[in-house]
Amino acid sequence: MEFIECCIDGHKYKGVAQETDGLSQTDGPLPYLDRADKNREELFLRALCLCHTVEVKPNDTVDGVTESSELTYMSSSPDEIALVKGAKKYGFTFVGVQNGYMRVENQRKEIEEYELLHTLNFDAVRRRMSVIVKTQTGDILLFCKGADSAVFPRVQNHEIDLIKVHVEHNAMEGYRTLCIAFKEIAPDDYERVNRQLIEAKMALQDREEKMEKVFDEIETDMHLIGATAVEDK
């Protein structure tokens, strides 16, 4: 699998930008001008670095420090590795999980840590997966990725049209596409969500059905950030 391109808030990104520029639009005579807000670009790249089940090969750490240029990613899904490597091209590098915290090196070479609270695993019925993480400032965020048919009904309607154009175009070109969404969860809401997830996971009967019901309730009222396109190699 190879990361080909992505779109953020309707802006298409392809190719590798200079580190100081972040992402860029390279189709056309005026690169670097047609682009999303910098904060949205970074939010999208953080989503790619956090919403997955990728692991870093253990022997890539030396004296407790991970060399990001030498990282080897492992996952049962080649799509996930392609997306993590795609984020790395643009300056956001997933460097592994340490003591329950997902670690990301940003474009400024700073290490960001996110406490991994829950993983809502992908399955063929839902056609999406999510993670719930807590930032270093205490914000609780849900990041979700999945098929357009699984994500579009769960985001704000006005956010869909610009992304949908890119998804349909990428699909026609034969690329595999995923949509990326997020939402912030208030602390009180998270307490309820956390309790529901724990109860569902501990259920002795109908566990899968109960977990699916909780996942379905959590993955609603999200905000669409963008979409990705990867190619089978």
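Residues numbered from 1 in each chain as written. Predicted model: local features only at pLDDT ≥ 70, side-chain atom pairs only at ≥ 80, totals over all residues. Heavy atoms only, no water.

(A) Summary view of a negative patch on the surface. A surface patch of negative charge is lined by D206, E208, E209 and E212. If you trace the backbone, E212 turns up in helix α6 (residues 207-218). (Patch = residues over 30% accessible without salt bridge, like charges linked within 9 Å, V, L, I, M, F, W, Y side chains within 5 Å. Areas by Shrake-Rupley, 256 points an atom, 1.4 Å probe, with all protein chains shown as cover. Salt bridge = Lys/Arg side-chain N within 4 Å of Asp/Glu carboxyl O. Lys, Arg positive; Asp, Glu negative; His and termini not counted. Charge placed at Lys NZ, Arg CZ, Asp CG, Glu CD. Helix = DSSP H or I, 4+ residues; strand = E, 2+ residues; numbered from the N terminus.)

(B) Spatial organisation of the nonpolar core. With 38 residues, the main nonpolar core has F44, L50, Y73, F94, V133, F143 and I225 as its most contacted residues. Examining the composition of this core, we find that seven residues originate from one element, helix α1 (residues 38-50), more than from any other. Once residues within four sequence positions are removed from consideration, L50 is found in contact with M102, V104, Y114, V131, V133 and F143. Judged by nonpolar contacts, the second largest core, of 27 residues, contains C7, L117, V151 and A200. (Core = buried A, V, L, I, M, F, W, Y, C linked by side-chain atoms within 4.5 Å. Buried < 20%, exposed > 50% of the residue type's maximum accessible area, 1.4 Å probe, protein only. Contact = heavy atoms within 4.5 Å.)

(C) Just the sheet that holds strand β8 (residues 101-105), in detail. On the basis of which strands lie adjacent, the open sheet formed by nine strands has the order β2-β1-β13-β12-β11-β10-β9-β8-β7 and antiparallel pairing. In this open sheet, the two edge strands, each paired with only one partner strand, are β2 (11-14) and β7 (93-98). Taken over all neighbouring pairs, the strand axes of this sheet differ in orientation by 30° on average, direction set aside. Packing of helix α4 (residues 160-172) onto the sheet brings it into contact with β1 (2-8), β2, β12 (176-185) and β13 (223-231), and relative to β13 it is tilted by some 10°. (Pairing = 2+ DSSP bridges. Axes fitted to C-alpha atoms, helices over the stretch in contact; angles between N-to-C directions.)

(D) The arrangement of the side chain of S130 in detail. Of note, S130 is situated in strand β10 (residues 128-134). Polar contacts involving the side chain of S130 include one to the side chain of E219, which spans 2.6 Å. (Polar contact = N/O pair within 3.5 Å; in protein donor to acceptor, adjacent residues only side chain to side chain.)

(E) Expanded view of the state of the cysteines. For the coordinates displayed, the defined rule picks out zero disulfides. Cysteine C144 remains unbridged, with the sulfur of C51 as its closest cysteine sulfur at 6.2 Å. The thiol of C179 is not disulfide-bonded; the next cysteine sulfur, from C7, is found 7.7 Å away. (Disulfide = S-S within 2.5 Å.)

(F) The packing of α1 against helix α2 (residues 78-89), seen in detail. Direction vectors running N to C along α1 and α2 enclose 140°, while the axes themselves pass 8 Å from each other. Regarding the angle of α1 to α2, the classification is oblique. As α1 packs across α2, the resulting crossing turns out to be left-handed. The segment α1 lies against α2, with L45, L48 and C49 engaging L83, V84 and A87. The residue inventory of the contact of α1 with α2, partitioned by class, reads six nonpolar, no polar and no charged. (Parallel < 35°, antiparallel > 145°, perpendicular 65-115°, else oblique. Left-handed = near helix turned anticlockwise from the far one by under 90°. Nonpolar A, V, L, I, M, F, W, Y, C, P; charged D, E, K, R; others polar.)

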